[in-house]
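# Chains, contacts and geometry: an overview
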Amino acid sequence: MKIAILPGDGIGTEITEQAVKVLKALGETFEMESAPVGGAGYEASGHPLPEATLKLAKEADAILFGAVGDWKYDKLERSLRPEQAILGLRKHLGLFANFRPAILYPELAGASTLKPEVVSGLDILIVRELTGDIYFGQPRGMREAPDGPFKGAREGFDTMRYAEPEIRRIAHVAFQAAQKRGKRLTSVDKANVLETFQFWKEIVTEIHAEYPDVELDHMYVDNAAMQLVRAPKKFDVIVTGNMFGDILSDAAAMLTGSIGMLPSASLDANNKGLYEPSHGSAPDIAGKGIANPLATILSAAMMLRYSLNKEEQANRIEAAVKKVLAQGLRTADIYEQGTTKVGTTEMGDAVVKALA
Ligand SMILES: NC(=O)C1=CN([C@@H]2O[C@H](COP(=O)(O)OP(=O)(O)OC[C@H]3O[C@@H](n4cnc5c(N)ncnc54)[C@H](O)[C@@H]3O)[C@@H](O)[C@H]2O)C=CC1
Ligand SMILES: CC(C)CC(=O)C(=O)O
Ligand SMILES: [Mg+2]
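In this text the structure is predicted, and so the values were computed from the model without any measurement. (Residues numbered from 1 in each chain as written. Chains lettered and ligands numbered in written order. Predicted model: local features only at pLDDT ≥ 70, side-chain atom pairs only at ≥ 80, totals over all residues. Heavy atoms only, no water.)

## So, the site of ligand 1
Taken together, 21 residues form the shell around ligand 1, and within it Val 68, Glu 83, Gly 280, Ala 282 and Asp 284 come nearest. A distance of 2.5 Å is found between an oxygen atom of ligand 1 and a side-chain nitrogen or oxygen belonging to Glu 83. Separating a nitrogen atom of ligand 1 from a side-chain N or O atom of His 279 is a distance of 3.1 Å. Bound to the protein, ligand 1 loses 73% of the 810 Å² it would expose on its own. Partitioning the shell around ligand 1 into residue classes produces ten nonpolar, six polar and five charged. (Near = heavy atom within 4 Å. Polar contact = N/O pair within 3.5 Å; in protein donor to acceptor, adjacent residues only side chain to side chain. Areas by Shrake-Rupley, 256 points an atom, 1.4 Å probe, with all protein chains shown as cover. Nonpolar A, V, L, I, M, F, W, Y, C, P; charged D, E, K, R; others polar.)

The following block contains the structure:
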């Protein structure tokens, strides 16, 4: 089985190294091959998603991705910016279904900024559509406004759009995920203002007829953001578009104690996937050895489960993460008084040691 390792930029390299270490310690014979991506890809060959990196990603059975981006590339033209690498991989590989499970490990109840009673026992799943919406819609650009009250002034514009098959396939994925869990699905939209999401709501409602065992409700995204902080345990599975899912999943991350705890799986129609933490390259802490590698290690567990059919090994990794948390080991982002502060490498080493 071949795994493409794409560490990327900033803390991407530090956290991916820990996940690779954990994968190697499982005693399986994975073939792992690394390639530069993001700013590292741009430095190596003038493009954030070098052709050789894309080729490796396409031929591998699964992809483990760190993170891309750095402020120093912000002035590059958009097509050359590091973020285009992850957007390009998602699009080229058809990774339309993004699973972001927000689970609170009991040991981290005090690390969340919310009261323990609000978050304890939290186990929700955000299913984010990943290859459409305003992140990919055309046309987009910057120009002189052709009409309207600001005609002639410079303007930036993007296009929000969803085609019926795009909504249908993510809705099926989300209903099926809900069937395997608490059988409740909340579709998050902005149908009161946006045509795109009125259409989204109509299609999701239509598909609901095929899943009568799942309870469906609809919620506007502004209310959903508020409910996630007010009473997050009321959710089971949330399905939403690319941009709303991006924003809501960062908010959900804080329910788990830190964005450094939120893994993700991005799957195509055949469960080939890219696995990455939900966070970015964190340039503010890069190179300091303090980033939390657990979201990436837990993403590697998701990879074993969803793409490599190795449920037992996935369980081993998740159990090892629970064990190190129970031992009181914490990176700075989840540190509380009375626990032991460790760095990125020490945390990775501890997970390896805790593998049963
Ligand atoms: N999939 C990807 O590669 C993503 C890339 N980005 C890119 O990352 C760069 C930084 O973006 P930001 O908005 O700052 O988001 P970010 O997620 O990188 O960081 C937000 C905050 O969370 C902290 N943080 C993130 N991951 C952490 C970890 N594992 N352990 C401890 N603390 C952690 C950071 O130190 C920072 O204070 C930008 O270039 C952005 O475009 C952002 C999100 C996803
Ligand atoms: C480059 C961004 C779209 C990545 C991001 O923020 C995410 O996937 O969460
Ligand atoms: Mg994001």
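Once the structure has been displayed, the description carries forward.
## Observations regarding the site of ligand 2
As a matter of local geometry, ligand 2 sits amid Glu 83, Ile 86, Leu 87, Arg 90, Arg 100, Arg 128, Tyr 135, Asp 246 and Ser 278. Arg 100 is positioned with one of its side-chain polar atoms (N or O) 3.1 Å from an oxygen atom of ligand 2. Expressed as a share of its isolated accessible area of 280 Å², the protein-covered part of ligand 2 is 75%. Of the residues forming the shell around ligand 2, the biggest block, four residues, is contributed by helix α4 (residues 83–92). Looking at which domains feed residues into the shell around ligand 2, each of domain 1 (1–96 + 268–356) and domain 2 (101–263) gives three or more. (Helix = DSSP H or I, 4+ residues; strand = E, 2+ residues; numbered from the N terminus. Domains from an automatic or database assignment.)

## Quick look at the packing of helix α11 (residues 311–326) against helix α12 (residues 344–354)
The interhelical angle for the contact between α11 and α12, taken along N-to-C directions, is 115°, at an axis separation of 8 Å. When the axes of α11 and α12 are compared, the crossing they make is right-handed. Counted together, Ala 320, Val 321, Lys 323 and Val 324 of α11 and Met 347, Ala 350, Val 351 and Ala 354 of α12 form the full contact between these two elements. Of the residues assigned to the contact of α11 with α12, the class counts are seven nonpolar, no polar and one charged. (Axes fitted to C-alpha atoms, helices over the stretch in contact; angles between N-to-C directions. Left-handed = near helix turned anticlockwise from the far one by under 90°. Contact = heavy atoms within 4.5 Å.)

## Section: the domain arrangement of the protein chain
When its domains are assigned, the protein chain resolves into domain 1 (1–96 + 268–356) and domain 2 (101–263). The straight-line distance from the C-alpha centre of domain 1 to that of domain 2 is 23 Å. The interface of domain 1 with domain 2 comprises 24 residues on the first partner and 23 residues on the second. Between domain 1 and domain 2 lies a buried interface of about 2100 Å² when both sides are counted; carbon and sulfur atoms form 66% of it. Looking at the side of domain 1 facing domain 2, the largest losses of area belong to Arg 90, Phe 96 and Ser 278, adding up to 30% of the total buried there. (Buried area = accessible area lost by both parts, 1.4 Å probe.)

## A word on the sheet that holds strand β9 (residues 215–220)
Consider a sheet: its strands pair through backbone hydrogen bonds, and that pairing is either parallel or antiparallel. Overall, mixed pairing links the ten strands, which are arranged β2-β1-β3-β12-β11-β4-β5-β10-β8-β9 in an open sheet. Each of the sheet's edge strands pairs with one partner strand only, and the pair in question is β2 (31–34) and β9. Taken over all neighbouring pairs, the strand axes of this sheet differ in orientation by 20° on average, direction set aside. The pairing of strand β5 (residues 123–129) with strand β10 (residues 237–240) spans four bridges and is parallel. Its bridge partner lying in β10, Val 127 is registered against Val 239. Lying over the sheet, helix α3 (residues 51–59) contacts β1 (2–8), β2 and β3 (62–67), oriented at roughly 140° with respect to β1. Contacts from helix α8 (residues 221–230) reach β5, β8 (184–189), β9 and β10, with the element oriented near 105° to β9. (Pairing = 2+ DSSP bridges.)

## A short note on the UniProt feature "domain: Isopropylmalate dehydrogenase-like" (unreviewed entry) in the protein chain
Those residues carrying the UniProt feature "domain: Isopropylmalate dehydrogenase-like" (unreviewed entry) are residues 2–351 in this numbering. With 39% helix and 19% strand, residues 2–351 has its two end C-alpha atoms placed 23 Å apart. (UniProt positions renumbered as here; feature names shortened; annotations may be inferred.)

## Things to note about the packing of aromatic side chains
Counted according to the given criterion, the structure contains seven aromatic pairs. Three or more aromatic residues joined by ring pairs form one cluster here, namely Tyr 162, Phe 197, Trp 200 and Phe 244. The aromatic ring of Phe 136 is capped on one face by Lys 91, whose charged end is 4.8 Å from the ring centroid. In this arrangement the basic side chain of Lys 341 is found over the ring face of Tyr 335, its NZ or CZ atom lying 4.9 Å from the centre. (Phe/Tyr/Trp six-rings, centres within 6.5 Å; stacked < 30°, edge-to-face > 60°. Lys NZ or Arg CZ within 6 Å of the ring centre and 35° of its normal.)

## Looking at the pattern of salt bridges
Using the criterion set out here, one finds 18 salt bridges in the structure. Notably, a salt bridge pairs Glu 311 with Arg 305, separated by 3.1 Å at the nearest N-O pair. With a relative accessible area of 22%, Arg 305 lands in the partly exposed category. When salt bridges with common partners are traced through the structure, they connect Lys 2, Glu 31, Glu 33, Lys 55 and Glu 59 into a single cluster. (Salt bridge = Lys/Arg side-chain N within 4 Å of Asp/Glu carboxyl O. Buried < 20%, exposed > 50% of the residue type's maximum accessible area, 1.4 Å probe, protein only.)

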